[in-house]
Amino acid sequence: MSQIVETLINLGLGKPAELKRATTPFQGTVLLGSGPNPGCMNALSLFCQQHGLAVAAPDNASGEISKTLEAAKIWAHGDDAPGEKLQALVFDGTGISTTAELSLAYEFFQPALKSVARSGRLLIVSRPHRDQSDPERAACQRALEGLARSLAKESGKKGITAQTLCVEDGAEENLTGPLTFLLSHKSAYVNAQVFRVSEATATSAAIDTQPLAGKTALVTGASRGIGAAIASTLARDGAKIIGLDVEPMRADLETLMQKLGGEALVADITADGTPGQLLELAKTKGGFDIVVHNAGITRDKTLANMPKHWWDMTLEINLGAALRINKALLEANAINEGGRIIGVSSMNGIAGQRGQSNYAASKAGVIGYVEQMAPQLKDRGITVNAVAPGFIETAMTAAIPTMTREVGRRLNSLSQGGQPEDVAETIAFFANPASQGITGNVIRVCGQSWLGA
Ligand code: NAD
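Note that the coordinates shown come from a computational prediction; the quantities given were computed from them, not determined experimentally.

Draft legend 1. Just the overall build of the chain, in detail. Assigned secondary structure in the chain consists of 15 helices and 13 strands. Its C-alpha radius of gyration of 22 Å places the chain within 12% of the 22 Å reference for a compact globule of 453 residues. Taking the principal axes of its C-alpha atoms as reference, the chain extends roughly 70 × 50 × 45 Å. Counting across all 453 residues of the chain, residues that qualify as buried make up 54%. Excluding contacts between residues fewer than 6 apart, the proportion of contacts in the chain whose partners are at least 24 apart in sequence is 77%. Entry remark: accessible area of the chain is about 19200 Å², with carbon and sulfur atoms responsible for 53%. Of note, the chain has its 41 positive side-chain charges centred 6 Å away from the centre of its 44 negative side-chain charges.

Draft legend 2. Spotlight on the domain arrangement of the chain. Entries for the chain in the domain assignment read domain 1 (3–197) and domain 2 (216–445). With centres defined by C-alpha atoms, the gap from domain 1 to domain 2 works out at 30 Å. Taken together, the contact pairs 31 residues of domain 1 with 28 residues of domain 2. Here domain 1 packs against domain 2, burying approximately 2500 Å² in sum over the two surfaces, 57% of which is carbon and sulfur. Where domain 1 touches domain 2, the interface holds one salt bridge. Those elements giving two or more residues to the side of domain 1 that touches domain 2 turn out to be helix H1 (3–12), helix H5 (135–155), helix H6 (176–182) and strand E6 (194–197). Ranked by residues supplied to the side of domain 1 that touches domain 2, first place goes to E6 with four residues. Classifying every residue of the side of domain 1 that touches domain 2 gives 16 nonpolar, ten polar and five charged.

Draft legend 3. Region of the structure containing the packing of helix H10 (residues 308–331) against helix H12 (residues 357–377). Contact geometry for H10 and H12: axes closest at 7 Å, N-to-C directions at 15 degrees. In terms of axis orientation, H10 runs roughly parallel to H12. H10 and H12 meet at a crossing whose hand is right-handed. For the pair H10 and H12, contact is made by Trp 310, Trp 311, Thr 314, Leu 315, Asn 318, Leu 319, Leu 323, Asn 326 and Leu 330 and by Ser 357, Asn 358, Tyr 359, Ala 361, Ser 362, Lys 363, Gly 365, Val 366, Tyr 369, Met 373 and Leu 377, respectively. Split into classes, the residues belonging to the contact of H10 with H12 amount to twelve nonpolar, seven polar and one charged.

Draft legend 4. Spotlight on the pattern of salt bridges. Within this structure, the stated rule accounts for 20 salt bridges. Between Glu 331 and Lys 327 there is a salt bridge, with the nearest N and O atoms lying 3.2 Å from each other. Taken together, the residues Glu 331 and Lys 327, both in helix H10 and four residues apart, mark about one turn of the helix. One exposure class covers both Glu 331 and Lys 327, and it is exposed. When the shortest N-O distance is used, the salt bridge between Glu 393 and Arg 409 registers 2.6 Å. Of this pair, Glu 393 sits in the loop between strand E12 (383–389) and helix H13 (395–398) while Arg 409 sits in helix H14 (residues 402–410); the two residues are 16 residues apart in sequence, bridging distant segments of the chain. You can call Arg 409 partly exposed: its relative accessible area is 21%. Each of Glu 393, Glu 406, Arg 409 and Arg 410 takes part in one network of salt bridges that share partners.

Draft legend 5. Summary view of the site of the ligand. Around the ligand, a shell composed of 29 residues is seen, among which Arg 224, Asp 245, Asn 294, Tyr 359 and Thr 394 lie nearest. Lys 363 is positioned with one of its side-chain polar atoms (N or O) 2.9 Å from an oxygen atom of the ligand. Partitioned by chemical class, the residues of the shell around the ligand number 15 nonpolar, ten polar and four charged.

Draft legend 6. Representation of the nonpolar core in the model. Leu 165, Leu 183, Leu 234 and Ile 241 are the most contacted members of the largest nonpolar core, which totals 60 residues. For Ile 241, the contacting residues outside a window of four places in its chain are Ala 217, Val 219, Ala 231, Leu 234, Ala 235, Met 257, Gly 262 and Glu 263. Of all hydrophobic cores here, the second largest spans 35 residues; its members include Ile 317, Ala 321, Ile 335 and Met 373.

Draft legend 7. Main features of the packing of aromatic side chains. All told, the structure shown has seven aromatic pairs when counted by the stated rule. An aromatic cluster of at least three residues, connected via ring pairs, comprises Phe 181, Phe 195, Phe 429 and Phe 430.

Draft legend 8. Spotlight on the sheet that holds strand E3 (residues 86–92). Taken in spatial order, the six strands of this open sheet run E2-E1-E3-E4-E5-E6, and their pairing is parallel. The sheet terminates laterally at strand E2 (54–56) and E6, the two strands that pair on one side only. The sheet shows a mean angle of 25 degrees between the axes of neighbouring strands, taken without regard to direction. Sheet strands in contact with helix H2 (residues 41–50) are strand E1 (29–34), E2, E3 and strand E4 (116–126), and its direction is about 175 degrees off that of E1.

Draft legend 9. Representation of the pairing of E1. In terms of burial, E1 is largely enclosed, as five of its six residues are buried. Pairing between E1 and E3: six bridges, direction parallel. Counted as the bridge partner of Ser 34 is Asp 92 from E3. The handedness of the E1 to E2 crossover, carried by H2, is right-handed.

Draft legend 10. Spotlight on the sheet that holds strand E11 (residues 335–344). Sheet architecture is open: seven strands sit in the order E9-E8-E7-E10-E11-E12-E13, paired in parallel fashion. Strands at the two margins of the open sheet, each flanked by one partner only, are strand E9 (263–266) and strand E13 (442–445). Neighbour-to-neighbour, the strand axes of this sheet turn through a mean angle of 20 degrees, independent of strand direction. Pairing geometry for strand E7 (residues 216–220) and strand E10 (residues 288–293), over three bridges, is parallel. Following the sheet pairing, Val 219 is matched in E10 by Val 292. Its contacts with the sheet place helix H7 (residues 225–236) against E7, strand E8 (240–245) and E10, and it is angled at close to 170 degrees to E7.

Rules of the game
Residues numbered from 1 in each chain as written. Predicted model: local features only at pLDDT ≥ 70, side-chain atom pairs only at ≥ 80, totals over all residues. Heavy atoms only, no water. Helix = DSSP H or I, 4+ residues; strand = E, 2+ residues; numbered from the N terminus. Rg over C-alpha atoms; globule rule 2.2 N^0.38 Å. Buried < 20%, exposed > 50% of the residue type's maximum accessible area, 1.4 Å probe, protein only. Contact = heavy atoms within 4.5 Å. Areas by Shrake-Rupley, 256 points an atom, 1.4 Å probe, with all protein chains shown as cover. Lys, Arg positive; Asp, Glu negative; His and termini not counted. Charge placed at Lys NZ, Arg CZ, Asp CG, Glu CD. Domains from an automatic or database assignment. Buried area = accessible area lost by both parts, 1.4 Å probe. Salt bridge = Lys/Arg side-chain N within 4 Å of Asp/Glu carboxyl O. Nonpolar A, V, L, I, M, F, W, Y, C, P; charged D, E, K, R; others polar. Axes fitted to C-alpha atoms, helices over the stretch in contact; angles between N-to-C directions. Parallel < 35°, antiparallel > 145°, perpendicular 65-115°, else oblique. Left-handed = near helix turned anticlockwise from the far one by under 90°. Near = heavy atom within 4 Å. Polar contact = N/O pair within 3.5 Å; in protein donor to acceptor, adjacent residues only side chain to side chain. Core = buried A, V, L, I, M, F, W, Y, C linked by side-chain atoms within 4.5 Å. Phe/Tyr/Trp six-rings, centres within 6.5 Å; stacked < 30°, edge-to-face > 60°. Pairing = 2+ DSSP bridges. Right-handed = clockwise from strand over helix to strand, strands pointing away.

The following block contains the structure:
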């Protein structure tokens, strides 16, 4: 069936799945399986053990998933059937090297998929295919990503998401951060992504409550929408917030910062003096630990009709200003070791968008910056990542005409728009000290949007 037909069917369908979010605890049984010589099984089992998740693993002798499920009283059919459902299927495919061995992934997922609970999780662990010397092994590792993306498309109607955790050799110690996020409801609207985990200079155990205690976080564009959600979520996790926004947003910014026990900074990020002002502020705080460049605008017109100042303004606010601020802070060592620089890109920065050449160029620029800077800052223990939101319900998207907005909401595997908190939770995951191995990642928060996928 073509994607257009699928789209129309999707639009004709009723209510999308109600996604469970951060406030719902992630509890129950995880089915854990693997191919030959799995590299991450120890880390995976340990994580489940430490986080109170029961593990069902197929008996090595028979290897039969259906018998394992039967023994664990897991129900395969009907949402309302009594008995337990699986919360997650986790498959360690890191050792798969031949096409024949890929069938082990089929044998793991096929009998178990109908037993996964609503808002459950599918996770495939792989190795970076480009790091492999054997071509068949490289192909197999990349094949696992294709499998995860397809499972995401097949399971989205139940709010189930599927991801690939791509673990570099030697980075097995750094799985706690990504697993804490992925095996939780905080990742509700993140779907079909590849999380690349690298070796890190220092690792840190995940702390469930207040992992950001003692950290100072600068959030730009913090007065409303996604920025307000980021500030609130980082504050929930224990960070001291400095929220920045422009003069017209002063009242909203001050109200929010008061509520969060944070500090309001009224400034325009594009003003000449702002990088210097932020540097002075950072010095008084003993440096910043987390810098989130969220402030952004759209000025939409096809390029042929676009006035030059719309181009300049969008590129400056969405890209140029953030780069200048980072440069000033980094040159003066005002971002601490273990620091986090987090950009906000966009799905349209990946796919391009009619009428948004300025916006898409600026948001693609954010991706280029993250990918170039991550290796440069590794030795300083600073990670650089970005989120790329899809359709998120904010003032920005409320301004879109109704029909276009409804289509925008529905064009993803979860058939709905995301909430600002979905973007904020992904940023909190990047900020978490246990995510030290996550750098150079651009994670879409788009429900597996069909644009640019
Ligand atoms: P929003 O318009 O509600 O908030 C943006 C904030 O940035 C506002 O408070 C605004 O005052 C502030 N800002 C703008 N220019 C500034 C400047 N020069 N200096 C300081 N602050 C400035 O938008 P939102 O929907 O919450 O989007 C937040 C970010 O997420 C933006 O970067 C946007 O491009 C990105 N994004 C949003 C969506 C979506 O669906 N809403 C999708 C993809 C990406």
